[in-house]
Amino acid sequence: MAQHDRILIIDFGSQLTQLIARRLREAGVYCEIWPYHAAQEARIRAFGPRGIILSGGPASVTEGESPRAPDAVFTMGLPVLGICYGQQTMCAQLGGRVEAGHHREFGRAFVEVIGECALFAGVWPRGAREQVWMSHGDRVTALPPGFRAVAATEGAPFAAIADDERRFYGVQFHPEVVHTPHGAALLRNFALAICGCRGDWTMGAYRAEAVARIRDQVGRGRVVCGLSGGVDSAVTAVLVHEAVGDQLTCIYVDHGLMRAGETEQVLRTFRDRFNIRLVHRDASDRFLAALAGVTDPEAKRKTIGRLFIEVFEEEQAKLGGAEFLAQGTLYPDVIESVSATGGPSATIKSHHNVGGLPEGMRLQLVEPLRELFKDEVRALGRELGLPEEIVGRHPFPGPGLAIRIPGEVTREKADLLRQVDRIFLEEIRAAGLYDAIWQAFAVLLPVRTVGVMGDGRSYDHACALRAVTSTDGMTADVYPFDMGFLTRVAGRIVNEVRGINRVTYDITSKPPGTIEWE
């Protein structure tokens, strides 16, 4: 990658750390997230950051074995911003004091700006009262030498602190979340004004650099790419094709569990619009036969994942001679492969993606998106000229409709669900709501219900509709459709889809539910 100015984020295990990176990227600044135990001085110097941010975290600085920032962070002459736990460990390590058992603050709070500093310049004037988001039990009770308080709350007299001479700053609140309305501007001040970053991280620049890297890695070799039609694999395919042209062949494995019209859209877009070599393998009979009688959600995922790899390998073997496998690995996947604490995270369910590198395939990986977040991938897709119907598409799980059919999956059920899902999405688009919703879909419920159709009694399937808003998929709220919209959709479904006589709307948030049903 070209030498863009960069910020290093040292992660202490906060669930919000990725949001810090996203805010910096939005300001045009390249950044990386490293777990605190991987931030050795030599590695930091080799990375060459213009500044360092210390994230929040669940530990308490008052505990003896709690994580600390590398001492070199404070001796390298670089600007440092500590957020929540990051502020506390910075103060503790530089001679201040942190104590537990004081006033706890969780959620919305208001800070009084009591001093000026470079972090607040042009954003928060002295005397202002500003909304922030707090999440802490411990607090700083004595400042290290050289620091002064620049903002306070009732529960945190040192809600923001500054040492302008050393360019060290700390905030007890979380500027990375939307609940701190001017937080993104504060982070932009730190990166651009304090650290001196140029803000030249753009998808146009990334496109040119990625193409050069792919050409350098692949040379004259041949590349295969598993194409699902989703955003990540689509952008990967078009980017690699721009770099190496006909050295790339995409393989589209149709498991028979896509939504209405999606297979045709994939073939039309990649063969006709981009003239990319594309092998289409219709393996729907094989997948559906293997799923017969399978009802456990994990077993369904594993069956689909295993078959996907088998079919992909069969098609790749027919092509022969490929040396590289292109994959749409994203930066969150890279971050999450190594936790901040070095331990495993809780497993909620198997990952939805099914196109991982098969063991023993012996292909070198080409992962041109591994530095990007999802919103950056969408921006890159637009830069590459991908149609909005692919770039802006709602997330869709690798196992497809199989995990939206609780219980056994059959062709009849998949066909029913496809029709319901099509109507729901048509009405959402017609209402101009598609881009306001993170994900919308239908679920075919494993029950039949009594209904009245005309003058007769029916005993047919019930379905559930689901639509949520989210920024990252980690949490989600139900989309608040008005009853007129839901009534119209339900009317279309029961009138147009033979076999459905009841429609429900899922109003569960995440947590406690998940977005998908299985």
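The preceding data block contains the structure.
Quantities reported herein were computed from a predicted structural model and do not represent experimental measurements. (Residues numbered from 1 in each chain as written. Predicted model: local features only at pLDDT ≥ 70, side-chain atom pairs only at ≥ 80, totals over all residues. Heavy atoms only, no water.)

S.K.: An account of the overall build of the chain is requested, with residue identities and associated values reported.
M.R.: Check the secondary structure of the chain and you find 14 helices and 20 strands. Over its C-alpha atoms the chain spans a radius of gyration of 26 Å, differing by no more than 12% from the 24 Å that the globule rule assigns to 518 residues. C-alpha atoms of the chain, sized along the principal axes, occupy 80 × 60 × 40 Å. Split into buried and exposed, the 518 residues of the chain put 56% on the buried side. (Helix = DSSP H or I, 4+ residues; strand = E, 2+ residues; numbered from the N terminus. Rg over C-alpha atoms; globule rule 2.2 N^0.38 Å. Buried < 20%, exposed > 50% of the residue type's maximum accessible area, 1.4 Å probe, protein only.)

S.K.: For the environment of Leu445, give the residues involved together with the corresponding values.
M.R.: With respect to the helices and strands, the residue Leu445 is situated in strand 17 (residues 439-453). Leu445 has contacts with His461, Ala462, Cys463, Ala464, Thr504 and Trp517, leaving out every residue within four places of it along the chain. (Contact = heavy atoms within 4.5 Å.)

S.K.: Explain the layout of surface pockets to me, using residue names and the numbers behind them.
M.R.: In this approach a probe as big as a water molecule rolls over the atoms, and the regions it shows empty are the leftover space. Put simply, the second largest pocket is a space of about 270 Å³. Lining the second largest pocket we find 14 residues, and of these Arg259, Ala260, Glu262, Leu425 and Arg429 sit closest to its centre. Put simply, the parts of the chain that give the lining of the second largest pocket at least two residues each are helix 7 (262-273) and helix 13 (411-430). Broken down by element, the residue count for the lining of the second largest pocket peaks at six residues, all from helix 13. Broken down by class, the residue content of the lining of the second largest pocket amounts to three nonpolar, two polar and nine charged. (1 Å grid on protein atoms, 1.4 Å probe; cavity = no way out; pocket = protein on both sides within 12 Å on 5 of 7 lines; lining within 4 Å. Points joined across faces, edges and corners; volume = space filled by probe spheres on them. Nonpolar A, V, L, I, M, F, W, Y, C, P; charged D, E, K, R; others polar.)

S.K.: Report on the sheet that holds strand 15 (residues 324-326), specifying residues and quantitative values.
M.R.: Strand order in the open sheet made by the five strands is 14-13-12-15-16, with parallel pairing throughout. With partners counted over all chains shown, the strands left at the sheet margins are strand 14 (277-282) and strand 16 (364-366), one partner each. When the angles between neighbouring strand axes are averaged without regard to direction, this sheet yields 25°. Packing against the sheet, helix 7 makes contact with strand 13 (248-254) and strand 14, and its axis sits at approximately 160° to strand 14. (Pairing = 2+ DSSP bridges. Axes fitted to C-alpha atoms, helices over the stretch in contact; angles between N-to-C directions.)

S.K.: Before we move on, can you summarise empty space enclosed by the protein with the specific residues and values?
M.R.: On inspection of all chains with the given rule, the structure shows one cavity of 30 Å³ or more. Taken together, Leu81, Leu119, Val171, Phe173, Pro175, Leu186 and Leu187 form the lining of the largest cavity.

S.K.: Give me the pattern of salt bridges: which residues, what numbers.
M.R.: Going through the model one piece at a time under the given rule, you end up with 36 salt bridges. Across the pair Glu314 and Arg281 runs a salt bridge, and its minimum N-O distance is 3.1 Å. Linking Glu314 in helix 9 (residues 297-319) with Arg281 in strand 14, this pair joins segments that are 33 residues apart in sequence. The exposure class assigned to Glu314 is partly exposed, which follows from its relative accessible area of 31%. The salt bridge involving Arg281 is made with Glu315; its shortest N-O contact spans 2.7 Å. Of this pair, Arg281 sits in strand 14 while Glu315 sits in helix 9; the two residues are 34 residues apart in sequence, bridging distant segments of the chain. Of the residues examined, Arg281 reaches a relative accessible area of 19% and is grouped as buried. (Salt bridge = Lys/Arg side-chain N within 4 Å of Asp/Glu carboxyl O.)

S.K.: Tell me what's going on with unusual backbone geometry, and back it up with residues and numbers.
M.R.: Each neighbour pair has its own omega, and for Lys510 with Pro511 the value is -15°, a cis peptide bond. If you trace the backbone, Pro511 turns up in the segment after strand 20 (500-505). The amide bond that connects Pro511 to the next residue, Pro512, takes the cis arrangement and shows omega of 10°. Here Pro512 lies in the segment after strand 20. Non-glycine residue Asn275 carries a positive phi angle of around 55°. The topology assignment puts Asn275 in the loop between helix 7 and strand 14. A residue is classified by how much of its surface remains accessible, and Asn275, at 57% relative accessible area, is exposed.

S.K.: I'd like to hear about the nonpolar core, residue by residue, with values.
M.R.: Counting residues in each nonpolar core, the largest one holds 88 residues, and the members touching the most others are Leu257, Phe270, Leu380, Phe424, Ile428, Phe481 and Ile493. A total of nine residues in this core trace back to one element, the largest contributor, which is helix 6 (residues 231-244). In contact with Leu257, not counting residues within four places along its chain, are Leu288, Leu291, Ile304, Phe396, Pro399, Gly400, Leu401, Ala402, Val409, Ala414 and Arg418. (Core = buried A, V, L, I, M, F, W, Y, C linked by side-chain atoms within 4.5 Å.)

S.K.: Which residues make up the environment of Pro157, and what values do they have?
M.R.: Note on placement: Pro157 falls in the loop between strand 9 (148-152) and strand 10 (160-163). Taking the relative accessible area as the measure of exposure, Pro157 reaches 32% and is therefore partly exposed. Considering only alpha carbons, one finds Pro157 and Val391, 234 residues apart in sequence, at a separation of 46 Å. Leaving out residues up to four positions away in the same chain, Pro157 has contacts with Arg139, Ala149, Ala151 and Ala152.

S.K.: Outline the pairing of strand 2 (residues 30-35), supporting the account with residue identities and numerical values.
M.R.: For strand 2, the buried fraction is high: six of the six residues fall into the buried class. The two faces of strand 2 match: Tyr30, Glu32 and Trp34 on one face and Cys31, Ile33 and Pro35 on the other face are all buried. The pairing of strand 1 (residues 6-11) with strand 2 spans six bridges and is parallel. By the bridge assignment, Ile9 is partnered in strand 2 with Ile33. Chirality of the crossover, the property in question, places the unit of strand 1, helix 1 (residues 17-26) and strand 2 among those that are right-handed. (Right-handed = clockwise from strand over helix to strand, strands pointing away.)

S.K.: Can you explain helix 9? Please cite residues and give values.
M.R.: Taking 1.5 Å of rise per residue, the 23 residues of helix 9 would be expected to cover 33 Å, and the 33 Å separating its terminal C-alpha atoms lies within 8% of that figure. Among the residues of helix 9, those classed as buried are Lys300, Arg301, Thr303, Ile304, Gly305, Leu307, Phe308, Val311, Phe312, Glu315 and Gln316. Its buried side turned inward, helix 9 meets strand 12 (223-226), strand 13, strand 14, helix 8 (284-291) and strand 15. Looking one or two residues past helix 9, Gly320 carries a phi angle of roughly 70°, positive in sign. (Expected span 1.5 Å × (residues − 1).)

S.K.: Residues and numbers for the side chain of Arg393, please.
M.R.: Mapping Arg393 onto the fold places it in the loop between helix 12 (388-391) and helix 13. You can call Arg393 buried: its relative accessible area is 6%. In this structure the side chain of Arg393 is engaged in a polar contact, spanning 2.8 Å, whose partner is the side chain of Glu262. Not counting the four nearest positions on each side in its chain, Arg393 is found in contact with Gly229, Gly230, Val231, Arg259, Glu262, Arg378, Glu388 and Tyr434. (Polar contact = N/O pair within 3.5 Å; in protein donor to acceptor, adjacent residues only side chain to side chain.)

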